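Results of the structural survey
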Amino acid sequence: MLAIFAAILALAAWRALSGIQLERLLELAESAAPLALGTIAIASALAAQRLIATRRALRSRRAVAVVPADEFDAEPAVVLSFAAQIAGSERSVTAWWRRRASAVRVSLACDRERRLVYLMEVPARATEVLRGALGAFEGVELRSAEEAQGEPPPAASEATTVRTELILAHPSIEPLARPSGDPDPLQPFAAAMAGLDPARGEEASVCVDLLAARGHRAGRLRRRLRREARRRYRERPRWGDLLDGERRRDRARPDELVDRRLTGQALDAKLRDAGSLFEAQVLISTRAPERGRAKLAMQRLLAAFEPLADRNWFRVSGLALPGVAFLGSDLPLRRRAFDRRAATGYFRPARRMILTARELAGFLKPPTANCRAENVLRCGALLAPAPPLETFEARRDDLIPLGKIAGEEGERLVGVRVADTFFSYTAGRSRYGKTENAIVQFVHLARSGQGCLFLDPHGDALDRIAPYLAASELARRIVRIDLRPGRSVDELPGWNLFDLGGGIDAEARVEAIVDAFASALEWGERSTRAINLTTQAAAALAAIGPVLSPAGLAPTIFQIPTLLSDEKWRSAVLPFLPQASRRFWRDRFPLLAAEAITPVTNMIDRLRASTPITALLGQRQTTYRVREAMDERLIVLACPGSGGTRDRLLANLIVFDLFHGARSRAELAPDQRKLFWPFFDEVQSYDGAASGNLAALLEQSAKFGLRAAFLNQNPERLSPATLNALLTNRSHLLASALNSHAAALLTKEWAGQPSPAALTKLDRFRFVAQVTDRGRASAPFALRGIRLEDVFDVDAGRPSASAPRAGAPAAETLAHLETLDARIFDRLREAGVEGGAGGGREPVAGQVRAKRGGA
């Protein structure tokens, strides 16, 4: 429009000088007015449309954090390929409408922990192109900008902002340095960010806006550079030659030859293997409570651009008045325009800067492994992309929540299929999220109607689980075995190991007891005497159980010391035992030294010294049977306590009773074996190094409907046989941060990828996972842990005051045990006399065996 008005005025002036009368000029202006007004109207409409499109595009811009892996690196060819892809992000016919809002922004910012965060921002319509282009980089993770930077620092009441725009010191034909990959060009920026104090409200931001030139525009820019080169180094006449009039063009002077050579070198250095062309805008801002601190941060960032200097370099935009002031972007009249560009991504540089992808290579990728600064936000190990797992929803009973993975839509919660899950193993440091992940899975399975057991030696997990299973229909299914100090012992269930029934086989129960003792006390091949004594004593009590249970006198584990040490009591038991057992007690047992029974009796005496354990194991009748828990899909919450060997023995009793109970389901058809999901935390507590029984049970239990999850801090704490069984049969394997030895042990399962060093650096709630999806094992990938609050709501209901399946009160149980030995003795003598009247002791033993088989 200004050009049209200027043309009209120029025409009027020319006509006036030509002697045209004023009336004639007015006639000419009147005839040209419709054309001028029409042109003005069209230009105004186009300008308004461009303004609306630009503002709409500015509002739609989206930022994403590109977080590199520890071993991330990018070859120059990959960087140029990435630049070419983002250069073509705007391919629509009407892209010129919103051209000033279409720049790709590369931002370097600082999070609350002084770490350098690499961000990229584009209009919403170009986000898919950006995500696809970032796929060229192997080992980067995309996160939301808010998640990467964290909460914004507290706003200081009197904070000062310093603003700077950088431009090229020379015309664009002069090239910047082509940075090498080692050291990384972003390393000085990370060092500059390390000097900030976000807790005091100090911030810094470097924005490099790149407006791509492609097609005809790229050709025009290249021609512009060539014209600029010719204009800069064109031959200039010398005054001496002009005065003499003898200047000869065919005889160039040495300085002319130098100029020509420099022209060719500059053009070659700028455009040779340069990649895509961009117009650039560089904005830097720092903020601090004191202006001095803000200026110091700005000086550090400006120094970080120095390695890019070659024939050309960046300088601060503005005019210096020596000794007075510097008229730059921080002037009051220029701040508003600067802040608008910095906040919205509006592209309007102070001077046209034409840069190539080769010159900008340092900014067109996240920090690589050659950026050795510690304060760089990284995602950990260099891993493969996550498999296409399904998105988890609480209503999906066919999925088990696994964790969050980063995808093209940001982070999403994914799950693994129930059909693909048999055993899972999770290793990692304490407080790094492995137990929390298991709790989420346990709650989902319990709410989905599955039977499950959570065994936690510490009990914290039970407290986390309880509010999410408080609904009345869930509370009725809960069996709580909580032996921590301060818990009500009257709410404990009854678990008499020798009150058999509910499908439990006597031999399986004896094997479970012996395996528990061997594992907890680490009995190995040299402990055959202790193992045999435990086996014979448990078998003897199991044999007399059917005789005593109808009278409410079923023996408990606390009768084992009586059997081993009281000869009269033992004599009353012998008539009810099989012939082989009687021979042991009569012929071989008396030959043992008196102290041979000490390893067994000492451990049981320690159990008896605990009131909660006595109240649990000394019950007259059993209300908790693991076979019923599996078949009726109960929810078992167990905490044996973490006080030492005694509590570890009780945990082993729970574990081995479960595995042997599962084997008793062999009598059922495979389709009738309901799935049961036990979760074992601190699994090394149930894996005696000398036992090896846990490994054998692991290899067999899946066919009987068990789908177990195992957790511990260090895989080296497991016996080789158990670890081998876990890694061989596992469906899913997860690892958080580990020490170097344990990391090397697990990465061998993944053929050395990622490196063991990567596992040692994982952040909290970050995992490396390998899962089975649709029958195929995935490559290791990155996974973020989840918390209960992220997935479920607390149940509104409250559990009933009385615990379901609770046994007799503790006081009654303790009183019952005080006289149980004597009453059992009397009952056995009476039964022995009755049996002996019919033909001696052998018929009595046969009768007992018949009763046991019927039971």
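Right above here is the structure, for reference.
Since we're looking at a predicted model, the values are computed, not measured. Per chain, residues are indexed from 1 in the order of the written sequence. Totals for whole chains, interfaces and linings use every residue, but because this is a predicted model, local features are given only for residues with pLDDT of at least 70 and side-chain atom pairs only at 80 or more, for both listing and counting. Side-chain figures throughout are based on the complete set of non-hydrogen atoms in the structure, without hydrogens or water.

1. Quick word on the packing of aromatic side chains
Working definition: an aromatic ring pair is given by the centre-to-centre distance plus the angle between the planes. The criterion for an aromatic pair is that two Phe, Tyr or Trp rings (for Trp, the six-membered ring) have centres within 6.5 Å, with stacked assigned to planes under 30 degrees apart, edge-to-face to planes over 60 apart and tilted to the rest. Under the counting rule described, the total for this entry stands at 18 aromatic pairs. Both rings, one in phenylalanine 517 and one in tryptophan 523, keep their centres 6.1 Å apart while their planes meet at 25 degrees; by these two values the pair is stacked. There is no split in this pair, since phenylalanine 517 and tryptophan 523 are both buried. Each ring, one from phenylalanine 584 and one from tryptophan 585, has its centre 5.1 Å from the other, and the planes form 75 degrees; the classification is edge-to-face. As far as burial versus exposure is concerned, phenylalanine 584 and tryptophan 585 are alike and both buried. The structure contains a cluster of three or more aromatic residues connected by ring pairs, namely Phe423, Phe659, Phe680, Tyr686 and Phe710. Here, a charge over a ring is recorded when the distance from Lys NZ or Arg CZ to the ring centre is within 6 Å and its angle to the ring normal is within 35 degrees. The cationic tip of arginine 429 hangs over the ring face of tyrosine 432; the distance from NZ or CZ to the ring centre is 5.7 Å. Partly exposed residues are those whose accessible area sits between 20% and 50% of the maximum for their type, while under 20% is buried and over 50% is exposed, using a 1.4 Å probe and protein chains only.

2. Brief notes about helix H29 (residues 810–818)
Three or more residues of H29 are buried, namely Ala810, Thr813, His816 and Leu817. Taken around the axis of H29, the buried residues stretch over an arc of 120 degrees, which confines them to a single face. The exposed set on the far side of H29, more than 90 degrees from its buried face, consists of Ala811 and Glu818. Only runs of H or I of at least four residues qualify as helices and only runs of E of at least two qualify as strands under DSSP, and these elements are numbered from the N terminus. The arc refers to the directions leading from the helix axis to the C-beta atoms.

3. Here we look at empty space enclosed by the protein
Both cavities and pockets are sets of points on a 1 Å grid over the protein atoms alone; in a cavity a 1.4 Å probe fits but cannot get out, in a pocket the set is open with protein on both sides within 12 Å along at least five of seven lines, and lining residues sit with an atom within 4 Å of a point. Grid points are joined across faces, edges and corners, and a volume is the space filled by probe spheres set on the points. On inspection of all chains with the given rule, the structure shows four cavities of 30 Å³ or more. In this structure, the largest cavity occupies an estimated 200 Å³ of space. Around the largest cavity sit 21 residues that line it, and Ser424, Thr426, Gln441, Phe679 and Ala709 are the ones nearest its centre. Polarity classes work like this: nonpolar for Ala, Val, Leu, Ile, Met, Phe, Trp, Tyr, Cys and Pro, charged for Asp, Glu, Lys and Arg, and polar for all others, with Gly in that last group. Residue composition of the lining of the largest cavity, by class: 13 nonpolar, six polar and two charged.

4. What about unusual backbone geometry?
Residues aspartate 182 and proline 183 are joined by a peptide bond in cis, for which omega reads 0 degrees. Among the secondary structure elements, proline 183 is positioned in the loop between strand E5 (160–168) and helix H6 (187–194). Of note, the amide linkage connecting glutamine 753 to proline 754 takes the cis form, showing an omega dihedral of 0 degrees. Structurally, proline 754 is set in the loop between helix H26 (740–747) and helix H27 (756–760).

5. Quick notes on the pattern of salt bridges
When a carboxyl oxygen of Asp or Glu is within 4 Å of a side-chain nitrogen of Lys or Arg, the pair counts as a salt bridge. Following the criterion strictly, the structure yields 44 salt bridges and no others. The salt bridge involving arginine 625 is made with glutamate 628; its shortest N-O contact spans 3.8 Å. In this structure glutamate 628 comes out as partly exposed when scored by relative accessible area, which is 21%. Salt bridges sharing common partners tie together Arg163, Arg291, Asp330, Arg335 and Asp339.

6. Some details on the layout of surface pockets
Estimates place the volume of the largest pocket at around 940 Å³. Taken together, 38 residues form the lining of the largest pocket, with Ala109, Leu119, Gln149, Glu203 and Ser205 sitting closest to its centre. Grouping the amino acids of the lining of the largest pocket by side-chain chemistry returns 16 nonpolar, nine polar and 13 charged. For the second largest pocket, the calculated volume is near 730 Å³. Together, 33 residues line the second largest pocket, and Val140, Ala384, Pro385, Ala386 and Ala406 are the ones closest to its centre. Counting only elements with at least two residues in the lining of the second largest pocket, the list comes to helix H4 (127–134), strand E4 (140–144), strand E13 (399–407), strand E14 (410–417) and strand E25 (781–784). Residues of the lining of the second largest pocket, tallied by class, amount to 20 nonpolar, four polar and nine charged.

7. Observations regarding the side chain of asparagine 370
On the secondary structure map, asparagine 370 appears in the loop between strand E11 (354–356) and strand E12 (390–391). On the accessibility criterion, asparagine 370 (16% relative accessible area) is buried. Within 3.5 Å is the distance limit for a polar contact, defined as a pair of N or O atoms, with the added protein rule that one can donate a hydrogen and the other accept it, and that residues adjacent in sequence qualify only through two side-chain atoms. A polar atom in the side chain of asparagine 370 sits 3.1 Å from the backbone oxygen of glycine 181. Dropping the residues within four chain positions of it, asparagine 370 is found in contact with Asp73, Gly181, Asp182, Pro183, Asp184 and Gln187. Working rule for contacts: check all heavy atoms of both residues, and any pair within 4.5 Å makes them a contact.

8. Here we look at the environment of aspartate 310
With respect to the secondary-structure elements, aspartate 310 resides in the loop between helix H10 (291–304) and strand E8 (314–316). A C-alpha to C-alpha distance of 4.8 Å links aspartate 310 and alanine 177, two positions 133 residues apart in sequence.

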